[in-house]
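So you can see what is in the structure, the chains are spelled out below.
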Amino acid sequence: ALSMAAHLGDQSAEARSMFVKANVESWRDDYVAATDQYSQALVLFSKLRDVKEEAHCIAKLGTTSRFLGDYSAARELQLKAINLSLRVGDQLRCADSLHELGIVEFAEGKFSAANELFVRSLIIRRQLGDRSGESEDLGRLGDVKRLQGNQEAAKQFYAEMLSITRSVGERRNEADAL
């Protein structure tokens, strides 16, 4: 698909193909290759002035940076993705980036900041009816509370997460909640 799109000069299809290829590389834990593909897709989406997809690429670059251990770059990229997502009114992508930024703060031991970001993401996800994302935020909030020593609050977040994951049939998150 990628070579066909390039041959036909369809930059939008080429960018989408690169993005999908980057996702595959990321799923295979090849974050360097994923970063390269997301970066190439970003260049094309920027040329096309597709700000929504630019924000998505930047967010994915932030996630791969986090997986590669570059928390500074991950933070910077997620903040940029949040701003672009808000600019184009993409609340779901904004919530995704808030969540990812929360993971970065959590990994650096900044639990109060992580808590605030997960709460902001949770509010948006609830407004949008994104039950899957809501359960992920609840799980992360449970993790924050557990590490802050508030076991009762952690249990409440995990119980709510479990209830949602069971209602939407997400077995992976259900196991995490247990």
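Here is a short report on the structure shown in this document. This is a predicted model, so every value here is computed, not measured.

Of the regular secondary structure elements, the chain holds 10 helices and zero strands. Starting at the N terminus, the α and β elements of the chain follow one another as α-α-α-α-α-α-α-α-α-α. Among the 178 residues that make up the chain, the fraction classed as buried is 47%. Across the chain, contacts joining residues at least 24 apart in sequence account for 44% of those joining residues at least 6 apart.

Glancing now at the pattern of salt bridges. Counted under the stated rule, the structure contains 14 salt bridges. Arginine 93 serves as the salt-bridge partner of aspartate 96, at 3.7 Å between the closest nitrogen and oxygen. With aspartate 96 and arginine 93 both in helix α6 (residues 91-107) and three residues apart, this pair spans about one turn of that helix. Judged by its relative accessible area of 26%, aspartate 96 is partly exposed. Given a relative accessible area of 23%, arginine 93 falls into the partly exposed group. Close ionic contact of aspartate 137 with arginine 125 constitutes a salt bridge, the shortest N to O distance being 2.8 Å. Of this pair, aspartate 137 sits in helix α8 (residues 131-147) while arginine 125 sits in helix α7 (residues 111-128), placing them 12 residues apart in sequence. Each member of the pair, aspartate 137 together with arginine 125, is buried. Among the ionic contacts, a cluster of salt bridges with common partners joins Arg93, Asp96, Arg125, Asp130 and Asp137.

Another aspect to go through is a nonpolar patch on the surface. On the surface, Val20, Val24 and Trp27 cluster together into a nonpolar patch covering about 330 Å² of accessible area. Locating valine 24 in the fold gives a position in helix α2 (residues 11-27). For valine 24, a relative accessible area of 33% gives the class partly exposed.

Here we take up the packing of aromatic side chains. For the structure on display, the rule yields three aromatic pairs. When the centroid spacing of 4.6 Å and the interplanar angle of 15° are considered together, the rings of tyrosine 31 and phenylalanine 67 count as stacked. Of the two residues, tyrosine 31 is situated in helix α3 (residues 31-47) and phenylalanine 67 in helix α4 (residues 51-67); the sequence distance between them amounts to 36 residues. Judged by its relative accessible area of 14%, tyrosine 31 is buried. The side chain of arginine 66 reaches across the aromatic face of phenylalanine 67, ending 4.5 Å from its centre.

Take the environment of glutamate 136 next. With respect to the element layout, glutamate 136 can be found in helix α8. The exposure class of glutamate 136 is partly exposed, given its relative accessible area of 28%. Glutamate 136 sits 18 residues away from phenylalanine 118 along the chain, and the two C-alpha atoms are 9.1 Å apart.

Time to look at the nonpolar core. If you look at the biggest cluster of nonpolar residues, it comprises 19 residues, and the most contacted ones within it are Tyr38, Ala41, Cys57 and Ile58. Elements that contribute at least two residues to this core include exactly α2, α3, α4 and α5 (71-87). Listed in part, the 10 residues of the second largest apolar core include Leu122, Leu141, Val144 and Ile164.

The phi dihedral of aspartate 29 falls on the positive side, at around 65°, and the residue is not glycine. Its location among the elements puts aspartate 29 in the loop between α2 and α3. Here arginine 49, not a glycine, exhibits a phi torsion of approximately 60°, which is positive. Residue placement: arginine 49 occurs in the loop between α3 and α4.

The next point concerns the packing of α6 against α8. Their axes nearest at 11 Å, the elements α6 and α8 cross at an angle of 20°. One finds that α6 runs roughly parallel with respect to α8. Viewed along their axes, α6 and α8 form a crossing whose handedness is left-handed. Facing α6, whose interface residues are His99, Ile103 and Phe106, α8 presents Glu136, Asp137, Arg140, Asp143, Val144 and Leu147.

Parameters at a glance
- Residues numbered from 1 in each chain as written.
- Predicted model: local features only at pLDDT ≥ 70, side-chain atom pairs only at ≥ 80, totals over all residues.
- Heavy atoms only, no water.
- Helix = DSSP H or I, 4+ residues; strand = E, 2+ residues; numbered from the N terminus.
- Buried < 20%, exposed > 50% of the residue type's maximum accessible area, 1.4 Å probe, protein only.
- Contact = heavy atoms within 4.5 Å.
- Salt bridge = Lys/Arg side-chain N within 4 Å of Asp/Glu carboxyl O.
- Patch = residues over 30% accessible without salt bridge, like charges linked within 9 Å, V, L, I, M, F, W, Y side chains within 5 Å.
- Areas by Shrake-Rupley, 256 points an atom, 1.4 Å probe, with all protein chains shown as cover.
- Phe/Tyr/Trp six-rings, centres within 6.5 Å; stacked < 30°, edge-to-face > 60°.
- Lys NZ or Arg CZ within 6 Å of the ring centre and 35° of its normal.
- Core = buried A, V, L, I, M, F, W, Y, C linked by side-chain atoms within 4.5 Å.
- Axes fitted to C-alpha atoms, helices over the stretch in contact; angles between N-to-C directions.
- Parallel < 35°, antiparallel > 145°, perpendicular 65-115°, else oblique.
- Left-handed = near helix turned anticlockwise from the far one by under 90°.

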